[in-house]
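Coordinate inspection notes
If you want the building blocks of each chain, they are given just below.
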Amino acid sequence: MTDLGPLLRPASIALIGASATRDIIPGLPQRILAQHGYAGRVCPVNPKYDSIDGLPCYARVGDVPGPVDVALITVNAARVAAVVDECGRAGVKFAVIISSGFAEQADGGAERQEELRDVCRRHPALRVIGPNAEGHINVTDSIPVGFSPMTNYERGLIRLVAGDVAVVAHSGGLGFALFNDGLARGLGFSHVVTTGNEVDLDLADVTAHLLEEEDTSVILLFLEGVTDPARLTKLGESARAAGKHIVAAKVGATEAGRRAALAHTAHDTGDAAAYERALADGGIHVASDQEELVDLALAFSRTKPPAGPKVGIVTTSGGSGTWLADDIVTAGLELPVLSEGLQARIRERIPAYGSPANPVDATAQVLSQGGTGPVLRAVADSGEVDALVLIATLADGKQVEREQETLAELAGRIPLVVYSYTRPAPRSVELMEALGIAYFTSGRRTARALAALARKSLSGTDLCSRAAPSGILWKVGKFTQNAWRRSDI
């Protein structure tokens, strides 16, 4: 397998088709690299210019002095094959092709893509991402290679948060949308890689490499189609062996979706049942939409798997606790009634009009009587639950500040997540990030994330290692309550 290190951590980048016009796609990559303080060599390539933003500009990639790790290509589609051929002859290690107008385009695009594929075959030492990609970003080292607004401090990026979650996507827009959503929720990333039409390197190649990277433990996949679904099974097996997680969203199950994928990146989305089996056999978690992809990334990145399906709920909102109770059971988890002795101890800490059963309705009154900490600790210490959910309003950042020491201590010894029935304040998001606690803004999403976590261990058995019945997909939130043996889809 090709070492993708120089692709993700390039020491030199040639920008082929670079432009001095700031607000068009060919003009953006150089500015974005400068914003991030990229310390490697940046070499714009365009015969129209002598220099761009103070950097010498070269007529062709073969004129660039010294080795080139990555060539970012933004020229017209009709010129791409010739440019890639020049890259191969110049000894460039990787080409990232942003240009569109290939097999996703009806008029002549397929022929252009096949010509490009032939060029790639003639230069096996040159590995290619794209065409029709949006580039990638190494968040750990702050190296953006592309034009996405989500990497641009002048457009959509507010701050980078480095972490252990990577995104690999056929879609550039959706790949960076996951990045954007995660950053807004305080989730840290290692890499975002978009692969487009895939004439050479593909999503599976990139995922296999990221599974070997120490700074990545969760990988989110946006899948349209791969040439061999069985490769997904092998990736899932590799992830499990490494103690890592892959979460996938697979689109194109309908005729309309298949048609859309062909028009988008020219991927054949294939047989839905075959993909379900491949993902299930690999123990890959399946998300139904982009919000759930980020939810599960938060859960796996921040929360250890519970030892079983028993969940305890402590809430300051009785209505939210009732709703979450339904969601927990619907997700296949258990909500045990707490023992009489534990209920008696809880009664001492909550108002008489609260409920000590489970959900434990501590009521909002406890916030002025020492907070939820004593109740949370009583449930956590009981040994009667495997995971704990605190329902609170994160709209008030001061509440989290007051209880952060207790939350940090509890999260270190029992799987703990937060369900906020209000939109979190920025300060609360910062504190959840600092505490390393996953939070969600609906009961259903909270329950589905806990269900995914609990898949990893039930009575000491890794559920993912069980062979799924033929045609049955282990799908988050679709487990039966009876021993979690199969899904109900």
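Provided above is the structure to which this section pertains.
Residues numbered from 1 in each chain as written. Predicted model: local features only at pLDDT ≥ 70, side-chain atom pairs only at ≥ 80, totals over all residues. Heavy atoms only, no water.

Before going further, it helps to examine the overall build of the protein. Check the secondary structure of the protein and you find 16 helices and 19 strands. Counting every position in the protein, which comprises 489 residues, the buried fraction comes to 58%. Excluding contacts between residues fewer than 6 apart, the proportion of contacts in the protein whose partners are at least 24 apart in sequence is 73%. About 18,800 Å² of surface is accessible on the protein, with carbon and sulfur atoms providing 50% of the total. (Helix = DSSP H or I, 4+ residues; strand = E, 2+ residues; numbered from the N terminus. Buried < 20%, exposed > 50% of the residue type's maximum accessible area, 1.4 Å probe, protein only. Contact = heavy atoms within 4.5 Å. Areas by Shrake-Rupley, 256 points an atom, 1.4 Å probe, with all protein chains shown as cover.)

With respect to the element layout, N46 can be found in the loop between β2 (41–45) and β3 (51–52). For N46, a relative accessible area of 11% corresponds to the buried category. Here the side chain of N46 touches A18 through a polar contact of 2.8 Å, landing on its backbone oxygen. In this structure N46 touches G17, A18, C57, Y58 and A59, once residues within four positions along its chain are discounted. (Polar contact = N/O pair within 3.5 Å; in protein donor to acceptor, adjacent residues only side chain to side chain.)

For the rest of this paragraph, the subject is the nonpolar core. I328, V389 and L450 are the most contacted members of the largest nonpolar core, which has 49 residues in total. Setting aside residues up to four positions removed in sequence, L450 forms contacts with V311, I328, L333, A387, V389 and V417. Counting 46 residues, the second largest nonpolar core, distinct from the first, contains L4, I13, V96 and V206. (Core = buried A, V, L, I, M, F, W, Y, C linked by side-chain atoms within 4.5 Å.)

Moving on, we get to the pairing of strand β1 (residues 12–16). Within β1, five of the five residues are buried, which leaves it mostly tucked inside the rest of the structure. Of the two faces of β1, both are covered, the one formed by S12, A14 and I16 as well as the one formed by I13 and L15. In this structure, β1 lies alongside β2, joined through five bridges in parallel fashion. Bridge pairing in β2 places L15 opposite P44. Once you follow β1 into helix α2 (residues 28–35) and on to β2, the crossover reads as right-handed. Looking at chain direction, β1 and strand β5 (residues 70–73) are connected through four bridges and run parallel. Counted as the bridge partner of I16 is I73 from β5. (Pairing = 2+ DSSP bridges. Right-handed = clockwise from strand over helix to strand, strands pointing away.)

Further remarks concern the packing of helix α6 (residues 203–211) against helix α7 (residues 230–241). For the pair α6 and α7, interaxial distance at closest approach is 10 Å and the crossing angle is 10 degrees. One element, α6, and the other, α7, form an angle in the roughly parallel class. Where α6 abuts α7, its residues A204, D205, T207, A208 and L211 lie against R231, L235, S238 and A239. Partitioned by chemical class, the residues of the contact of α6 with α7 number five nonpolar, two polar and two charged. (Axes fitted to C-alpha atoms, helices over the stretch in contact; angles between N-to-C directions. Parallel < 35°, antiparallel > 145°, perpendicular 65-115°, else oblique. Nonpolar A, V, L, I, M, F, W, Y, C, P; charged D, E, K, R; others polar.)

The next thing to look at is the sheet that holds β2. Strand order across the open sheet formed by five strands is β2-β1-β5-β6-β7, with parallel pairing between neighbours. Across the chains shown, the open sheet's two edge strands, defined by having one partner strand only, are β2 and β7 (127–129). Each strand of the sheet is rotated relative to its neighbour by a mean of 20 degrees, with strand direction disregarded. In this fold α2 packs onto β1, β2 and β5, with an angle of close to 150 degrees to the strand it touches most, β1.

Of the positions making up helix α15 (residues 426–435), those classed as buried are S428, V429, L431, M432 and L435. One side of α15 carries all its buried residues, which in axial view fall inside an arc of 165 degrees. In α15, those exposed residues whose orientation departs by more than 90 degrees from the buried face are P426 and A434. Structurally, α15 contributes buried residues whose contacts are with α5 (172–184), α10 (290–302), α14 (397–411), β18 (416–420) and β19 (439–440). Where α15 ends, the next residue or the one after it, G436, has phi of about 70 degrees, a positive value. (Arc of directions from axis to C-beta.)

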